[in-house]
Amino acid sequence: MNSPYTGELKVKTTYFTYNYHYNSILYYDNQTISDKLKGNAIAAGADWKIKFGNIYLNADASSIIAGDITGNSIKANALFKKDSIYSVKGFAELTSKTPDFNTLLYQSDYVDYNWQNNFNNENISLVGVEFKYPKWGTIKASYNLVDNYTYFDENSKPVQATETLNYIKVKANAKVSYKKFTLDNTVMYQKVSKGESFFRVPELVTRNTLYYASYVFKGKPMYLQTGVTFKYFTSYNINAYNPLLSEFVLQNETEIGDFPILDFFVNAQIRRTRIYFKVENFGAGFTGRNYYSAPNYPYRDLTVRFGLVWNWFI
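Note that this is a predicted model, so its numbers are computed, not measured.

Trainee: I tried to follow the pairing of strand 21 (residues 261-270) on my own but got confused; where do I start?
Mentor: The side chains of a regular strand alternate, residue by residue, between the two faces of the sheet. Where strand 18 (residues 222-233) and strand 21 come together, 10 bridges link them in antiparallel fashion. Counterpart to Gly227 in the pairing with strand 21 is Phe265. In this antiparallel pair of consecutive strands, strand 21 and strand 22 (residues 273-280), the connection spans 2 residues, and Arg271 shows a positive phi of 55 degrees.

Written as structure tokens, this is what we have:
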């Protein structure tokens, strides 16, 4: 349905099935652990869009109306756009969803890795605002609340938090150009005000790229882009990786971060041929090689990548 007065409205329905299973029922320590999570669900919802001058309103809602699991989602945003000069968008979301099946049911030959849980739905609420000014950049901020946040604790056991997770996130991106040089900056700030015992994120993350881009040589036969990328995040107790679960779990022994990563790159296009050359983490030799992606998982050392793309037809 679409009209200038009511906007564009679309109704939608979804039917889905799930079958998460193991080979057999497990009888363990006076408890019975099921062999499967199997069922189906029917969801119904609608999308709505309308425009009033420079104001755009959008909403998307859906809810499971029948089936073996429950859940719902409401997302809405309002955008004010002043031609191509700037735009301001406010957005909000309310979502209720089932925790990952891995936390609800798991079987393993390792005795400590067997469980069946009846967790409540995770309830996510967020509000935020985004400001875009193409000449300078974008800034986006959100305030997030999560009830019944589900995670793996220090013993690699699934746990559902009893307190509400509460955190803010602010992300800014800006480009500054001078002649043929461009400095592209992305900075993100995160702060957990409640729930930091089970939800860990770096407080500051930054990515900055300085590059040169231009046609070179007489007749402009080649377009060249070359520069350096700097990446950094503050240290924190990053989650450890458990290969048996293929999940990240809490740990309180090792802080990771507070080291720079420098990449050098060259991209070039000569008619139908594109060439790229990249040296990743070229600062490894003078940063002490004390960097990790997760506890006991070193970040990649100095690596050189080269590629060639030749289009036969354009």
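Trainee: Just to check I follow, could you spell out the packing of aromatic side chains for this structure?
Mentor: Within a pair of aromatic rings, the relevant descriptors are the distance that separates the centres and the angle that separates the planes. Taken as a whole and assessed by the stated rule, the structure comprises 23 aromatic pairs. Both rings, one in Tyr291 and one in Tyr299, keep their centres 6.3 Å apart while their planes meet at 85 degrees; by these two values the pair is edge-to-face. In this pair, the class of Tyr291 matches that of Tyr299, namely buried. Put simply, the rings of Tyr18, Tyr20, Tyr22, Phe101, Tyr106, Tyr110, Tyr113, Trp115 and Phe152 pair up and form one aromatic cluster. Positioned over the ring face of Phe91 is Lys140, at 5.3 Å from the centre of the ring.

Trainee: Can you help me understand the environment of Phe248 in this one?
Mentor: Within the secondary structure, Phe248 sits in strand 20 (residues 247-249). Owing to a relative accessible area of 46%, Phe248 belongs among the partly exposed residues under this scheme. Residues Phe248 and Ser177, spaced 71 residues apart in sequence, show a C-alpha to C-alpha distance of 40 Å.

Trainee: In this structure, what is going on with the pattern of salt bridges? I would like to understand it.
Mentor: When their charged atoms lie close together, side chains carrying opposite charge are able to pair. Scanning the model with the defined rule gives 9 salt bridges in all. The residue Lys10 makes a salt bridge to Glu8 at a minimum N-O spacing of 3.4 Å. The partner of Lys89 in a salt bridge is Glu130, and the shortest N-O contact between them spans 3.7 Å. Of the two residues, Lys89 is situated in strand 8 (residues 86-97) and Glu130 in strand 11 (residues 122-133); the sequence distance between them amounts to 41 residues.

Trainee: How should the nonpolar core be read in this particular structure?
Mentor: Across soluble globular proteins, nonpolar side chains show a tendency to be buried alongside one another. With 13 residues, the main nonpolar core has Leu105, Tyr106, Tyr113, Trp115, Phe152 and Leu245 as its most contacted residues. Tyr149, Ala161, Tyr167 and Val192 belong to the second largest nonpolar core, which has 11 residues in total.

Trainee: Just to check I follow, could you spell out the environment of Pro134 for this structure?
Mentor: By the element assignment, Pro134 lies in the loop between strand 11 and strand 12 (137-147). As a C-alpha pair, Pro134 and Ala174 span 40 residues in sequence and 8.9 Å in three-dimensional space. Residues in contact with Pro134, not counting those within four places in the same chain, are Ser84, Ile85 and Tyr86.

Trainee: Explain the side chain of Thr229 here, please?
Mentor: Examined against the element boundaries, Thr229 turns out to sit in strand 18. Among the polar contacts listed, one links the side chain of Thr229 to the side chain of Thr209, at a separation of 3.0 Å. Contacts of Thr229, omitting those with residues within four sequence positions, involve Arg207, Asn208, Thr209, Ile261, Leu262, Asp263 and Phe265.

What counts, and where the lines are drawn
Residues numbered from 1 in each chain as written. Predicted model: local features only at pLDDT ≥ 70, side-chain atom pairs only at ≥ 80, totals over all residues. Heavy atoms only, no water. Pairing = 2+ DSSP bridges. Helix = DSSP H or I, 4+ residues; strand = E, 2+ residues; numbered from the N terminus. Phe/Tyr/Trp six-rings, centres within 6.5 Å; stacked < 30°, edge-to-face > 60°. Buried < 20%, exposed > 50% of the residue type's maximum accessible area, 1.4 Å probe, protein only. Lys NZ or Arg CZ within 6 Å of the ring centre and 35° of its normal. Salt bridge = Lys/Arg side-chain N within 4 Å of Asp/Glu carboxyl O. Core = buried A, V, L, I, M, F, W, Y, C linked by side-chain atoms within 4.5 Å. Contact = heavy atoms within 4.5 Å. Polar contact = N/O pair within 3.5 Å; in protein donor to acceptor, adjacent residues only side chain to side chain.

Worth remembering: the numbers are spatial, not functional.
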